[in-house]
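Below, each chain spelled out in residue letters.
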Amino acid sequence: MKQLTSFKCWSGWTALIAIIASAWLADNQIGCAEDKPANGPRADDASAVVFDEASLEYFEKKVRPLLVERCFECHAGSSEKVKGGLRLDSRSAVLAGGDTGPAAIAGMPAKSLLIDAINYGNLYQMPPKSKMSADEVQVLTRWVEMGLPWTTAENPDRSNDGAKAGTFDLRKRMGEHWSWSEIVRPAVPDVNSSGWSRSAIDRFIVAGLESRGIPPAPHAEPDRFLRRMTLDLMGLPPELSDLATFRDECFALGDADEALDRSLDRLLASPAFGERWARHWMDLVRFAETRGHEFEPSIPNAWQYRDYLIRAFNNDVPYDQFVREHLAGDLIENPRPHSVQGTNESILGTGFWFLGEEVHSPVDIRQDEADRLDNRLDVMSKTFLGLTVGCARCHDHKFDAISQQDYYALTGFLLSASYRQFPFESADHNRQIAEQLWALRAKARAAFLARFAEGAQATVERLDEYLSAAVTLAPRLVNVTGAFESMPESLREEIRRVADERRLAPTLLASWTLNLVAAADQPSSPLHALAQLSLGRQQDAARLLEQWDKTRPETAAKSPTTGTLLDFSDPARTCWYVDGVAYGAGPVAPGDFVIAAAPVNQEPRLRWIERPAARRDPLFHNPVTSPDNEADPGALGGWQRAGRSLRTLSVTLDSGSLYYLVKGAGRAYAVVDSHLVIAGPLHGRVLLEWDAPADQWKWIRHDLTPYRGHRVHVEFVPKNEGEFQIAKAVESMEEPPLPAPRNAWLADALVERSRLSDQPGAIKKVMAETLSAMREAASSRTALPASAVEWANWMLDHQPLFFAGAESSLAEWRKLLQEYTDQEQALARQIQFSSRLAMAMFDGNGVDERLLVRGSTRTPGDIVPRRTLEALGGTPADGYGTGSGRLRLADQLLAADNPYPARVMANRLWHHLFGRGIVPTVDNFGVLGQRPTHPELLDWLTSQFRGPHDWSVKRTLRMLVQSQTYRMDSRPEPSAAANDPGNESWHHIPVRRLQAEPIRDLILAVSGRLDRKMLGPPIEVHLTPFMDGRGKPGSSGPLDGAGRRSLYIKVRRNFLPPMMLAFDSPIPFSTIGRRTVSNVPAQALILLNDPFVVQQANEWARSELAIGVGVDEQIRNMYLSALGREPETAELRSSHEFFAQQGAELGISAENAIRDIRVWSDFAHVLFNTKEFLFVP
Amino acid sequence: MSLDMADSRRRATTHCGRYQTAPMSRREMLRNCGLGFAGVAFAALESRAAHAAGATAGSRGILQAPHHPPAADQVIFLYMDGGPSQVDTFDFKPALEKFSGKSPHEVIGRVEPTQFANIGGMLPSPWKFQQHGESGQWVSQLFPHLATVVDELSFVKSMTSNFSEHTNANYFLHTGSGLQGRPSIGSWFTYGLGSACDDLPGFVVINGGLIPPGGLDNFNSGFLPAAYQGSIFKPDRPGVANAQPSEPGPGLQLNKLAMIRRLDERFAAQQGSVDAVESAIANYELAYRMQTAVPELMSLEKESAATRAAYGCDAEYAQTRIFANQCLLARRLVERGVRFVELTCPAGNGDRWDQHASLREGHEKNCRTVDQPIAALINDLKQRDMLKRTLVVWAGEFGRTPFAQGSDGRDHNPFGFTIWMAGGGIQPGVSYGATDEFGYRAVENRTTIHDLHATMLHLLGVDHTRLTYRYSGRDMRLTDVHGEVVRELLA
């Protein structure tokens, strides 16, 4: 194992990771880069090597036939396709090797990948079908040992090396494919039939139609159009009152178009709008509320992201902002506040990253991570860019201008941040409190310093005299207990005498002497040396000095640590990744003060911080609570982490033996390969809990040795309300030494240490300097220098000694302390501990990923620095800062010269209204996607969206809805249908089947059962007898989903509602911008027989009957509710016939039938089943 | 900026031979799938003229014709949820006796990480093995009935999987990918070949009680249209969801259907010829027929007493009775032309085949559940001359370790395990591939899940490299970019 040398600075981490990773590989596998001797010389040598006859005969007789028989099918020039870039048909080819390095190293079978592979090693098992016999393995092993004898020095033809022959020319690909071109706002065409056009959109469409001589379809009828528009924008039908209002306005305005515009305004302003468009978006980000896999662990509080979407669409958040929030909402400097509550909305967008599957207890944890990251990247790139970056995981994209480097350059952004539950309701509020608190402390610190320096001044001025006197008295006071007053009179007399001689106060002298005596047994006291000397323990003193010398920083034994995840004493290794304000504004530093928690009825005590550390502010002691909050699944579930996590740098483990330097009880979650669901037999060791003393530092070991070579960062949380500090987290094979005992390295301050007589003066000097430092810090409003802190704390501990005779100062001090604690408490009372939680990104240090050769985690290649796609201008810049750099990435993706985000979204808006995108493959604008039917219209729309509309979704939708094109009827002119049967030129609006959610929502709306309550925790899914399996919820949700809209039904990956699935609601695994529309008998069976549909038909009939209008009026109302139109006379008649028929079946008269709830239920049921109900014309 | 489309397509076809021309129009596809309904006159409800309505029923698949003459027409997939132990069933390893209790690290050498990381000593099978039939294949005591039909079975003793976790391995076995969201193998078959059954879905999963880890997505159509989803049946009435009319009497429903039709006629006429609307209308005809077909299908009591007894429908052990009904139902489904039938295991045996502990008790229960019904199914299919056109596959998602987990269990082992196939196109009575002497790693003729899929498709006349669906910028395949037909197994 390669030993690591010291670190220069933490920005060198990536290089370091590379070293560790390759070192790990060297240990575990053969043939990695570390073992690879330089290729060139050996290749050159190949021809020069001369083998004896026997060796060559061995090769010809034994080796070559074996290679031909067992290897050449895939690894020779004659192979159909050379696999892994490896050929074995010449010696130089063997030495040069393939994608993962040389196949063999002459003379070293144990280091030859070929030999490892034929032994079915870790990386390869070759030949793949059947293992070679032991004899055959021996033949090749011997051959490598012999130095790879080969009869001829071939000069192989490598033209057939499939893996290496592929060409990837990024610029060429960009130039050849339309979608990489920048958006140029095209001129709106002049068209002849301009009377038809209502907008620029129409002129683009008409231009196409005219050029092909195709007539557009006529206007859709206003009633029908109102229904189309309402369903498209809200996913709900117009209510009877909407229809009435519309008709009234038509009448009043005398103009249906204007009345429709007014309805459009109402629709866009309706809260139901956000629900509909949030659901569209949920398809893109594979929204789900469980993680699938075996036991369906929950995705806690995923619904907060759903609610965020609803609010965002309703508030018409500009799309660029929306994108930025998804990519980096946690890093935005001024987050977008909730419109009412003022809470942080922006950060909620980042929840989308974590909506994918997660595996509990994966055996190959690194592979599992690679799969998860792949899914995130895939979703991100398809959703925002309409590009299939995921195709470049194993090789350069086969068709698009996306390289494998691009894939891993983007992966780094995801590795640089982790998952958390964020208290979004309290975070900003608490930050304000914390900022006041920090200001209060800065002010109070100066006052404390000044006050103490003043109070102790008099004592320190004469300290040398008191100490000198104490030295003489010390031998007399050994074994004496109690204060001056309780001492025997003879002793008091003696003390008085010495005091009088030197004009000292006897009581105070007695106190100093007692302290001096006590210090003889207190190595941490600054008086310790003096005490030892004055009691004649010179030998001890000598030994002590020797010890001091050993523990002085410059002579201390070298720490055994091999890596550092966190070290607040080293500015180069200090990072500050905290989740909220519980740890203050930054690490506590020497010279900061804390108020030690005071026992009841005792005064609070002030202490100066001695050691840099992260310290949880005791004021932020409570966990975040809210009755709605869901806990993480698995072992993390019981940990209160939100708002009180602190994370380290992300590193690659070398030894895997970690030590944390802590105070107090805490917990550590080692996030290995970002593994999250800590449940099941494996990986329990990533979690660690400890109880350490609150008042002294302790090293805690976290054994992660099984994860050597894996990437990890650690997240710390306090375990309870008490003291919690963490100063360091290091990797070390043995426990590092604790910090030197207090005072040990203060010895340097004591000049002429061995001479007793000089000591009191030296001590006085140091203390006087300490007071002077205090005054200086007070006036300059800085912290006490670290060098003064130990002394200052000792002085604080002995405040009565130093404030002797300065009673008024002591009173002042106490008053100051009291005032401060009162103010602090007043602020503490405003801290908000209750908050809902939502998933969010937790940014860490920038991590760059290695390119994985052929996508395999077992064959890591070179590091690829983070950047955006090369084709979008990405270069390995230094501009991503110390964190992940996602905010910069977002800005780059939203830059004006990147055509994708705006174009893809504009196309999605079109797709949802018109049933087919201008680019029909809405998630793939690449070569294998379809080309735009109207490229100029798309670019015009895009520039409108991005420019004049300021990325407003609502304004853009309004423009689309108001177009003449959208207003067309669904029935084409006959000649149009003949000329353009595929409707590529948009000569009519296609009839569309409603999606799954609107079907169910419509049924609820029509039956009157719809509960329009918005937002909030999901409704549990209803379980039918056919829904079974592991992770099945303990109880079934209500059959009617409590009447809530479908997007509020909990999305359980393994228990998706059969009705939704039958109508093509997507399985949440990746981006689905365009749902399939299938036709299965299950759809008809559901609408005919499903208990939910039957129940709603009954419900509807009951509510209609309750209104108690006449039969025809009731039929009319039901038609209007369900179909948005009145029944025709013939339909009224056939309705009556139907009542009579059902009555006959039920054995009741026609007269009774029209009053029978069963008959009306059947009628309602019929309407639910009509195609007019299910399809939008 | 413009790229000649034809050029891009030409290039596309050259890559791996699996990127084909741009997708057809939906309309074209519907027609090809048998979904298209344009031009078909409105048919009476009881007419069988509208069979073309559902892709899952009586329809052609995306392939106009099989790529080559099929050896089999239908598949029964006996899914052994949890991972049966190869060394306790069909892969006889006498060497385990010799090393009993010894550390696998010493005996085997390198041992891969396991799901529970609780590796015990080498564990010989507690069951005796014997050779059976003319083929002389080894079968353990656990399968006395299956041993009698062993000459029909063809073993693959060198199966491998890529995953050690149930869910990933289940998805892999069912969809060719370890992650959620890909179409199930039954979906691919019906997508490619359609179904010969008029009034039942083409892909049926008979759920014995245990939906495997990963849930119903093991049987889902993924990115294929919902038409190709597996339909979940239960082995007892009503069999399938929503096939039971909601009305108390048939007349009430017929009236409704007539009324629906009247309204739909008006709408369809108004819209002109819209295939989506027309095929949705036609769907009701199929749905109506399914309401009759399903109860008829479920009438297992109509089978002869001898047949029922042979399957074990009245067996003493409750789980055997459930699986007997499943097997009988499977036969009835293939009889009716259903393309792909999958059986999952009955609940009630503890933890499926997943014996991390109590191997003896667990495997005995599981074997007792499936042994007699499967043997009867093979015999029954043979007697009815259906076996030669029906491919029967028996497989778990992985095997188990030849060493103990703890003291009396076995952990997951995807590195070498056994499955068997029988029937259509399979050479009977052979054994293919081998594990090492411990039954741990496949070392001879290693066979992947992709190979299994390729072989199954091949037997039904489909070239696995040419059955594709465009999704996410790729022409997706069941076998991804892998898979080779195991020609040695073909009859």
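All of these numbers come straight from a predicted model, not from anything done at the bench. Numbering of residues begins from 1 in every chain and follows the order in which that chain's sequence is written. Chain letters and ligand numbers both follow the written order, the letters beginning at A and the numbers at 1. The predicted origin of the model limits local features to residues at a pLDDT of at least 70 and limits the giving and counting of side-chain atom pairs to 80 or more, whereas totals for whole chains, interfaces and linings rest on all residues. With hydrogens and water excluded, all non-hydrogen atoms of the structure serve as input to the side-chain values.

**Student:** What's the story with the overall build of chain A in this structure? I'm lost.
**Tutor:** Think of it this way: any DSSP run of H or I at least four residues long counts as a helix, any run of E at least two long counts as a strand, and we number them from the N terminus. The helix and strand tally for chain A stands at 41 helices and 19 strands. Projected onto its principal axes, the C-alpha positions of chain A cover 125 × 100 × 65 Å. Only protein chains enter the area calculation, which uses a 1.4 Å probe; residues under 20% of their type maximum are buried, those over 50% are exposed, and those in between are partly exposed. Across the 1177 residues that make up chain A, the buried fraction comes to 60%. Contacts are residue-level and defined by heavy atoms, with any inter-residue pair within 4.5 Å sufficient. Put simply, 74% of the contacts in chain A that link residues at least 6 apart link residues at least 24 apart. In the form shown here, chain A has an accessible surface area of approximately 43400 Å², with 51% of it arising from carbon and sulfur atoms. A residue counts as positive if it is Lys or Arg and as negative if it is Asp or Glu; His and the chain ends are not included. A charge is said to be at NZ when it belongs to Lys, at CZ for Arg, at CG for Asp and at CD for Glu. Taken together, the 131 basic and 151 acidic charged side chains of chain A have centroids lying 2 Å from each other. Here the accessible surface of atoms and residues is derived via Shrake-Rupley with a 1.4 Å probe, and residues count as covered only by protein chains that are part of the display.

**Student:** Please clarify how helix H40 (residues 1157-1169) of chain A should be interpreted in this entry.
**Tutor:** Residues lying three or four places apart along an α-helix face the same way, a consequence of the helix completing one turn every 3.6 residues. All names here are of chain A. Across its 13 residues, H40 extends 18 Å between first and last C-alpha, which sits within 8% of the 18 Å expected from 1.5 Å per residue. Counting buried residues in H40 gives 11 out of 13 residues, a clear majority hidden from the surface. Within the span of H40, buried status applies to Val1159, Trp1160, Ser1161, Asp1162, Phe1163, Ala1164, His1165, Val1166, Leu1167, Phe1168 and Asn1169. Of the residues that open H40, the one with a side-chain oxygen 2.7 Å from the backbone nitrogen of arginine 1158 is aspartate 1156. For a helix, the expected span equals 1.5 Å multiplied by the number of residues minus one. As used in this structure description, the phrase polar contact means that two N or O atoms lie within 3.5 Å; if the pair is within protein, one of them must be able to donate a hydrogen and the other to accept it, and residues adjacent in sequence are counted only when both atoms belong to side chains.

**Student:** I'm lost on the pairing of strand E1 (residues 74-79) of chain B in this one. Help?
**Tutor:** Regular strands have side chains that alternate between both faces of the sheet. Residues and elements named next belong to chain B. Among the 6 residues that make up E1, 6 are buried, leaving the element largely enclosed by the rest of the structure. Judged by which residues are buried, E1 turns out to be covered on both faces: Gln74, Ile76 and Leu78 on one side and Val75, Phe77 and Tyr79 on the other are all buried. Pairing between two strands is assigned when DSSP locates at least 2 bridges connecting them. Bridge count between E1 and strand E9 (residues 390-395): 6 bridges; the pairing is parallel. The partner of tyrosine 79 across the bridge, within E9, is alanine 395. Bridging between E1 and strand E8 (residues 340-343) involves 4 bridges; their strand directions are parallel. Across the sheet, the residue bridging to valine 75 is phenylalanine 340, located in E8.

**Student:** When you look at the packing of helix H18 (residues 427-461) of chain A against helix H27 (residues 807-828) of chain A in this model, what are you seeing that I'm missing?
**Tutor:** Residues and elements named next belong to chain A. At a closest axis distance of 10 Å, the pairing of H18 and H27 adopts a crossing angle of 175°. Between H18 and H27, the interaxial angle falls into the category roughly antiparallel. Contacts between H18 and H27 involve Ile433, Gln436, Leu437, Leu440, Arg441, Ala444, Ala447, Phe448, Arg451, Phe452, Glu454 and Gly455 from the former and Ser809, Glu812, Trp813, Leu816, Leu817, Tyr820, Gln823, Glu824 and Leu827 from the latter. Each axis is a line fitted through C-alpha atoms, taken for helices only over the stretch in contact, and angles between the N-to-C directions span 0 to 180 degrees. When describing relative orientation, an angle under 35 degrees is termed roughly parallel and one over 145 degrees roughly antiparallel, while 65 to 115 degrees is termed roughly perpendicular and anything else oblique.

**Student:** Just to check I follow, could you spell out helix H13 (residues 271-284) of chain A for this structure?
**Tutor:** Residue and element names in this part refer to chain A. Taken across its 14 residues, H13 has 13 buried, putting it largely inside the fold. Of the residues flanking the start of H13, the one acting as N-cap is serine 270, its side-chain oxygen 3.0 Å from the backbone nitrogen of alanine 272. A positive backbone phi angle near 40° is found at arginine 286, which sits one or two residues after H13.

**Student:** Teacher, can you tell me more about the domain arrangement of chain B here?
**Tutor:** Interface size is commonly expressed as the accessible surface area that is lost when the partners come together. All names here are of chain B. As assigned here, chain B comprises domain 1 (57-239 + 299-489) and domain 2 (243-297). These domain limits were set by an automatic method or by a database of domain assignments. The C-alpha centroid of domain 2 is placed 37 Å from the C-alpha centroid of domain 1. Across the boundary between the two partners, domain 1 contributes 14 residues, which contact 9 residues of domain 2. Throughout, the accessible surface (probe 1.4 Å) given up by two parts as they are put together, summed over both, is called the buried area. Here domain 1 packs against domain 2, burying approximately 950 Å² in sum over the two surfaces, 60% of which is carbon and sulfur.

**Student:** How should the packing of aromatic side chains be read in this particular structure?
**Tutor:** Aromatic rings in a pair are described by how distant their centres are and how their planes are angled relative to each other. Residue and element names in this part refer to chain A. Stacked, edge-to-face and tilted labels apply to pairs of Phe, Tyr and Trp rings (six-membered ring for Trp) whose centres lie within 6.5 Å, assigned for plane angles under 30 degrees, over 60, and everything in between, in that order. In total, this model carries 74 aromatic pairs over all chains according to the counting rule given. Ring plane angle 85° and centroid distance 6.3 Å describe the contact between phenylalanine 593 and tryptophan 608, whose orientation is recorded as edge-to-face. Residue phenylalanine 593 is located in strand E4 (residues 593-596), and its partner tryptophan 608 is located in strand E5 (residues 605-608); the two are separated by 15 residues in the primary sequence. Judged by centre distance (4.7 Å) and plane angle (90°), the ring pair of tyrosine 660 and phenylalanine 716 falls under edge-to-face. Residue tyrosine 660 is found in strand E9 (residues 657-663), and its partner phenylalanine 716 is found in strand E13 (residues 711-718); the two are separated by 56 residues along the sequence.

**Student:** For this particular structure, what's the right way to read the pattern of salt bridges?
**Tutor:** Should their charged atoms come close, side chains of opposite charge can pair. The term salt bridge refers to a pairing of a side-chain nitrogen on Lys or Arg with a carboxyl oxygen on Asp or Glu at a separation within 4 Å. With the rule as written, the count across this model stands at 119 salt bridges over all chains. One connected set of salt bridges, linked through shared partners, spans B:Glu296, B:Glu303, B:Arg331, B:Arg332, B:Glu335, B:Arg336, B:Asp380 and B:Arg384.

**Student:** Mind showing me how you'd approach the nonpolar core here?
**Tutor:** To form a nonpolar core, buried Ala, Val, Leu, Ile, Met, Phe, Trp, Tyr and Cys residues must be joined to one another through side-chain atoms within 4.5 Å. Ranked by size, the top nonpolar core spans 424 residues in total, and within it A:Tyr660 and B:Trp420 carry the most contacts. Looking at this core element by element, the count peaks at 13 residues for H18(A). Shared between two domains, this core holds at least three residues of each, these being domain 1 (57-239 + 299-489) and domain 2 (243-297) of chain B. Look past the residues within four positions of B:Trp420 in its chain and what remains in contact with it is B:Leu78, B:Phe90, B:Leu146, B:Leu153, B:Ser154, B:Phe155, B:Ile374, B:Ile378, B:Val392, B:Val393 and B:Trp394. Residues A:Val63, A:Ala76, A:Val137 and A:Met146 belong to the second largest nonpolar core, which totals 26 residues.

**Student:** I'm lost on the interface of chain B and chain A in this one. Help?
**Tutor:** Contacts between the two partners involve 104 residues from chain B and, on the opposite side, 94 residues from chain A. Around 8400 Å² of area is buried between chain B and chain A when both sides are counted, 57% of it from carbon and sulfur atoms. Across the chain B-chain A interface, the total number found is 7 salt bridges. One salt bridge in this structure joins A:Asp1162 and B:Lys256, with 3.2 Å as the shortest N-O distance.

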